[in-house]
Amino acid sequence: MTFQIHALPSSAYTDFFSLSDDELKRSNIVKTIVEEEHSYPCRVSLADAEIGETVILVNHTHLDEASPYHASHAIFVRENATQAHPVADSVPRMIASRLISVRAFDSLHLMLTADVVEGGDLKQIINQMFKDSKVQYLHLHYARPGCYAAKVTRT
């Protein structure tokens, strides 16, 4: 079974970095400078922001379907982030280095199953969940803060 982890598109966030402080506040977006390593996982580059980089914290609707699981949560995006395109069957270090909640959804966008796994063991649980033909896609979340990390599809 092969799978693909998907980063968010950079184009969806580029304009936020040029907003004034007042515009950011009205949009419920926080712009900050990274002061601590391994604390600002960017959903576009699928890499942790480095100390001194500018990031935004913005609400992202990660399940925008007609479903009781319709959901959004805060995510970080690095300024000038280049959209990641991970190699099939690979898990970016940013995800592999964290405790991950894995949620499997069907074609009606209903959750079929979920589990929590160390990121280093993620490939195994992804392959296990995709053995169920009803599973259409997976969502990965950082288990401790609960925020969205990435979507996974079959390839």
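See the structure above.
Heads up: these notes are all about the structure in this document.

Criteria and thresholds
- Numbering of residues starts from 1 in every chain and runs along the sequence as written.
- In keeping with the model being predicted, local features are shown solely for residues with a pLDDT of at least 70 and side-chain atom pairs are shown and tallied solely at 80 or more, while totals for entire chains, interfaces and linings include all residues.
- Remark: hydrogens and water are excluded; side-chain values derive from all non-hydrogen atoms of the structure.
- Helix and strand definitions here come from DSSP, where helices need a minimum of 4 consecutive H or I residues and strands a minimum of 2 consecutive E residues; each element is numbered from the N-terminal end.
- Surface exposure here means Shrake-Rupley accessible area, sampled with a 1.4 Å probe, where a residue is shielded only by the protein chains that are shown.
- The charge count includes Lys and Arg as positive and Asp and Glu as negative, but it does not include His or the ends of the chains.
- Working definition for charges: the position is that of NZ of Lys, CZ of Arg, CG of Asp or CD of Glu.
- Here the rule is simple: two strands pair whenever DSSP picks up at least two bridges between them.
- To get an axis, fit a line to the C-alpha atoms, keeping to the stretch in contact for a helix; angles then go from 0 to 180 degrees between the N-to-C directions.
- What goes into a patch is any residue over 30% in relative accessible area without a salt bridge, connected to like charges within 9 Å or, for nonpolar side chains (Val, Leu, Ile, Met, Phe, Trp, Tyr), within 5 Å.
- Any Lys or Arg side-chain nitrogen found within 4 Å of a carboxyl oxygen on Asp or Glu counts as a salt bridge.
- Think of it in three bands: residues with accessible area under 20% of the maximum for their type are buried, residues over 50% are exposed, and the middle band is partly exposed, with areas taken using a 1.4 Å probe on protein chains only.
- By the criterion applied in these results, polar contacts are pairs of N or O atoms within 3.5 Å in which, for protein atoms, one can donate a hydrogen and the other can accept it, and in which residues neighboring in sequence qualify only through two side-chain atoms.
- Note on definitions: a residue-residue contact is assigned when non-hydrogen atoms from the two residues lie within 4.5 Å.
- Here a Phe, Tyr or Trp ring, Trp counted by its six-membered ring, pairs with any other such ring whose centre lies within 6.5 Å, and the pair is stacked when the planes are under 30 degrees apart, edge-to-face when over 60, and tilted otherwise.
- Both a distance and an angle decide whether a charge sits over a ring: NZ of Lys or CZ of Arg must be within 6 Å of the ring centre and within 35 degrees of the ring normal.

Some remarks on the overall build of the chain
Within the chain, the secondary structure is distributed over three helices and eight strands. In sequence order, the secondary structure elements of the chain are arranged as β-α-β-β-β-α-β-β-α-β-β. Along the three orthogonal principal directions, the C-alpha set of the chain runs to about 45 × 30 × 25 Å. For the chain, the accessible surface area stands at approximately 8300 Å², while carbon and sulfur atoms represent 47% of it. The average position of the 14 basic charges and that of the 19 acidic charges among the side chains of the chain differ by 5 Å.

Structural notes on the sheet that holds strand S4 (residues 71–78)
Reading across from one edge, S2-S3-S4 is the order of the three strands in this open sheet, with antiparallel pairing throughout. The strands lining the two open edges of the sheet, one partner per strand, are strand S2 (30–33) and S4. Each strand of the sheet is rotated relative to its neighbour by a mean of 35°, with strand direction disregarded. Note: strand S3 (residues 54–63) against S4, eight bridges, orientation antiparallel. Directly across from Leu-57, in S4, lies its bridge partner Phe-76.

Brief notes about a negative patch on the surface
There is a patch of like negative charges on the surface, built from Glu-35, Glu-36, Glu-37 and Glu-50. Residue placement: Glu-35 occurs in the loop between S2 and S3. Taking relative accessible area as the criterion, Glu-35 reaches 68% and is therefore assigned exposed.

Looking at the side chain of Asp-48
Examined against the element boundaries, Asp-48 turns out to sit in the loop between S2 and S3. At 3.2 Å, the side chain of Asp-48 forms a polar contact with the side chain of His-38. Polar side-chain contacts of Asp-48 include one of 2.7 Å to the side chain of Arg-98. Leave out the neighbours within four places in its chain, and Asp-48 touches His-38, Ser-39, Tyr-40, Pro-41, Arg-78, Met-94 and Arg-98.

Some remarks on the packing of aromatic side chains
A complete count under the given rule lists four aromatic pairs for this structure. Here the aromatic rings of Tyr-13 and Phe-16 are separated by 6.2 Å at their centres, their planes lie at 55°, and the arrangement is tilted. By relative accessible area, Tyr-13 is classed as buried at 6%. Its relative accessible area of 24% is what places Phe-16 among the partly exposed residues. Each ring, one from Tyr-40 and one from Phe-76, has its centre 4.8 Å from the other, and the planes form 70°; the classification is edge-to-face. Placement of the pair is Tyr-40 in the loop between S2 and S3 and Phe-76 in strand S4, with a sequence separation of 36 residues. Each member of the pair, Tyr-40 as well as Phe-76, carries the same accessibility label: buried. An aromatic cluster is present here, built from Tyr-69, Phe-105 and Tyr-137 joined pairwise through their rings. Over the ring of Tyr-142 we find Arg-98, and its NZ or CZ is 5.3 Å from the ring centre. When the ring centre of Tyr-137 is taken as origin, the NZ or CZ atom of Lys-151, which lies over that ring, is 4.7 Å away.

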